[in-house]
There are 2 protein chains.
Amino acid sequence: MAEAATPGLPPRGFPPEEFAARCSKAQEMMAHAGLDALLLTTEPEVRYFSGYLTQFWQSPTRPWFLVLPARGKPIAVIPAIGAECMARTWVEDIRTWSSPNPADEGISLLAGTLTETAGARGRIGLPKGPETHLRMPLADFEALQRRLPDTTFADASDILRALRMVKSEAEIAKVAHICGIVSEVFESLPGLLRAGMSQIEIFRLFKTECLQRGADDVAYLVGGAGADGYGDIISPPSTRPVEAGDVLILDTGSVFDGYYCDFDRNYAFGRAADDVRRAYEVVYAATEAGLQAARPSATCAEVYRAMQAVMDRGGALGNDVGRLGHGLGMQLTEWPSNHPEDRTRLEPGMILTLEPGMAFAPGRVMVHEENIVIREGPPQLLTRRAAPELPIIA
Amino acid sequence: MAEAATPGLPPRGFPPEEFAARCSKAQEMMAHAGLDALLLTTEPEVRYFSGYLTQFWQSPTRPWFLVLPARGKPIAVIPAIGAECMARTWVEDIRTWSSPNPADEGISLLAGTLTETAGARGRIGLPKGPETHLRMPLADFEALQRRLPDTTFADASDILRALRMVKSEAEIAKVAHICGIVSEVFESLPGLLRAGMSQIEIFRLFKTECLQRGADDVAYLVGGAGADGYGDIISPPSTRPVEAGDVLILDTGSVFDGYYCDFDRNYAFGRAADDVRRAYEVVYAATEAGLQAARPSATCAEVYRAMQAVMDRGGALGNDVGRLGHGLGMQLTEWPSNHPEDRTRLEPGMILTLEPGMAFAPGRVMVHEENIVIREGPPQLLTRRAAPELPIIA
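Residues numbered from 1 in each chain as written. Chains lettered and ligands numbered in written order. Predicted model: local features only at pLDDT ≥ 70, side-chain atom pairs only at ≥ 80, totals over all residues.

In this complex, chain A contributes 62 residues to the contact, which on the side of chain B involves 62 residues. Of all the elements in the fold, those that place two or more residues in the side of chain A that touches chain B are α3 (83-87), α5 (138-147), α8 (199-212) and β7 (217-227) of chain A. At five residues, α8 of chain A tops the list of elements feeding residues into the side of chain A that touches chain B. Of the residues assigned to the side of chain A that touches chain B, the class counts are 25 nonpolar, 25 polar and twelve charged. (Contact = placed C-beta atoms within 7 Å. Helix = DSSP H or I, 4+ residues; strand = E, 2+ residues; numbered from the N terminus. Nonpolar A, V, L, I, M, F, W, Y, C, P; charged D, E, K, R; others polar.)

What follows concerns the relation of the copies chain A and chain B. When chain A is fitted onto chain B, the two copies agree to an RMSD of 0.0 Å after a turn of 180° and an axial shift of 0.0 Å. The superposition of one copy onto the other is thereby described by a two-fold rotation axis. No C-alpha of chain A lies nearer the rotation axis than that of Thr-208 of chain A, which sits 2.8 Å from it. A shared interface surface links the copies, since 100% of the contact residues of chain A are contact residues in chain B too. (Least-squares fit on C-alpha atoms with pLDDT ≥ 70 in both.)

Looking now at helix α9 (residues 274-293) of chain A. End to end, α9 of chain A covers 29 Å across 20 residues, agreeing with the expected 28 Å (1.5 Å per residue, within 8%). Within the sequence span of α9 of chain A, burial applies to Val-276, Ala-279, Tyr-280, Val-282, Val-283, Tyr-284, Ala-286, Thr-287, Gly-290 and Ala-293 of chain A. (Expected span 1.5 Å × (residues − 1). Buried ≥ 20, exposed ≤ 12 C-beta atoms within 10 Å, placed from the backbone.)

Turning our attention to α8 of chain A. Between its terminal C-alpha atoms α8 of chain A stretches 20 Å, which fits the 20 Å expected from 14 residues at 1.5 Å a residue. Looking at α8 of chain A, one finds that the buried residues are Gln-199, Ile-202, Phe-203, Arg-204, Phe-206, Lys-207, Glu-209, Cys-210 and Leu-211 of chain A.

Counting 246 residues, the largest nonpolar core has Ile-178 of chain A together with Ile-178 of chain B as its most contacted members. Apart from the residues lying within four places of it in its own chain, the contact partners of Ile-178 of chain A are Ala-215, Ser-254, Val-255, Phe-256, Tyr-259, Tyr-260 and Cys-261 of chain A. (Core = buried A, V, L, I, M, F, W, Y, C linked by C-beta atoms within 7 Å.)

The next thing to look at is the packing of α9 of chain A against helix α10 (residues 300-313) of chain A. Residues and elements named next belong to chain A. Packing of α9 against α10 leaves a shortest axis separation of 8 Å and a crossing angle of 150°. As far as their axial angle goes, α10 and α9 are roughly antiparallel. For the crossing formed where α9 meets α10, the hand is right-handed. Contact residues: α9 offers Val-282, Val-283, Ala-285, Ala-286, Ala-289, Gly-290, Gln-292 and Ala-293, while α10 offers Glu-302, Val-303, Ala-306, Met-307, Val-310 and Met-311. (Axes fitted to C-alpha atoms, helices over the stretch in contact; angles between N-to-C directions. Parallel < 35°, antiparallel > 145°, perpendicular 65-115°, else oblique. Left-handed = near helix turned anticlockwise from the far one by under 90°.)

All names here are of chain A. With domains assigned, chain A is organised as domain 1 (16-164) and domain 2 (166-393). Distance from the C-alpha centre of domain 1 to the C-alpha centre of domain 2: 34 Å. Of the residues lining the interface, eight residues belong to domain 1; the matching set on domain 2 comes to eight residues. Put simply, the parts of the chain that give the side of domain 1 that touches domain 2 at least two residues each are α2 (43-50) and α6 (157-165). Looking at the side of domain 1 that touches domain 2, the element that brings in the most residues is α2, giving three residues. Across the side of domain 1 that touches domain 2, the residue classes break down as three nonpolar, no polar and five charged. (Domains from an automatic or database assignment.)

Okay, structure coming up:
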């Protein structure tokens, strides 16, 4: 539930009206799709409709279920340990079992709830499509299907995708807030980093700065550093000290109230080779092209092509990332993708990363990333724009 | 792969021999179970056999597959973005596809690899049981089954469970290291906390201290605070300032090199009511009973009963957590459970939490937690034992 705001910060949580709006939009789409209920099992899906926010999901022991009926509020079917935390959300119907109980890990309670909600011959929607998974033991899902032999479990990914891709102003405010905090930290780094620090020390310093400036968590921090460029942007930090001539990238998903930023910044130590500087300028220019292309009713494929054209002209040798940005919000990455095959049409309220990246020499890549929200007219930058030239740390 | 150790720290990674031993033990069990290959899809499963460590798993966009054949090294079937990071592990056969590609998100490549490894009529094991899930879109798994109509997908949870429950000395050293760091932080807190700080400030300070003392991440931090006790131990921090008479619990899963601690500490501010002090002493004594009971060949149920008996005598009103501790290692919680129905026999090398908790008044609970490793004879404490009396912060 929404908490009183600290001055200068977006309020934590959301008012009940926001959850009611999410549910009724979903229910409209369910009616069109002929679905009697939705069954949700993952953290963002459950949180989206309930407001249930806890890191306890990191324990794989217990499944958590939220059932959204055709009308009315969602029903929580959860382990007893979560009852008190769930009772602080807008959800009223909270059904619990004592967990762990591998012999019946909520399955009989869930089966009863589904039958009561959707009937014995109901059609239950659950997300089965791209970027989703079922967070419960597969054997338990098989047992659920055996218990409900006349129930159909249909794919409801499209409903979740359509709803979650377009953010409310309250959601945008949370992402904007964490983007602002992390932008400040990135801008302060040249004064804090020096050659000789190990990547592990740099990561630790970065996380500490983010926390001290108001991030709830630095849930995701990856990066790379190497002489005249890095080859890999998803690795944990190494113990190797950064040296003059190294290029360092840090890419973070930091969090405020359950909402992520996801962007990176590059730094050279001491000096930067000409091809490194040029590559930086190319991906910077590609981001500019992305900012120009990201307009309502443009497709993600068009945004991709606008950025890729700049990199092709700039001598790009390819890119293992497989796309040039993606949706963002309750998760580090969400639908859609800036990918040549993604025909999603942009709408106001969608939060995207623009993430042009390219290999500019064998084994050396350069990746930029900014976070934007689609508006009528030009998009709004949520991150403070990176420097147009590669920052050099003396 | 193992990196050179920083003095005083356990080495990062593991030598290839450790992965080879894990694989050959799994392959022995696979032979007994009549399985031609294992298919692994989650972060800890893939990491256990490969050493592949990256936070990139937080992005739900791309599935990752590891196939363990009946003989030889595992085969990685992964998105191209992971190739360079995977190439630094002991895995040699790395097959990639350009991802995201929702039309064929690795499924044809995986199907080919499974057929090549297990034959067209193979039996593939994958974890389907308690505390597991399948981390790929359900529709893609259904498509895989249609592509391999003569392949059987059987439950292999028991193999993963049996292997991962018993830790090597190298694994134990990582958990011991993070337990030591966090024990220091907990011991320093009375000098750092004061009434008037919000829970959010306290959480931020705790995380910063852990990072500065050498934690890689404070991946999990939950807690609660309330007048004369807390009612809920899985919630995020609130903006409410802590007041005199409050009892605060912090429960953390902090990480070193991909291995977790999981323990908590309690503090009272200014003063503590008699029933609060008594409850603390009861759960402290219950932990002592757990330390006495946790011997090789004792069952988890026996450890549970030893602790619960102390709490029953101490006036426990029940416990929503559903168990009194659990396994620990690559995940915040792992098999087994200190639960009346868990007949797992303890073996040297198992890492467990002892986590006695009880409601001592309506809506008020007290929970303790220590981390131990089972040894011949008495267990070894990995955490520094909590104070025998509730610490009071002046």
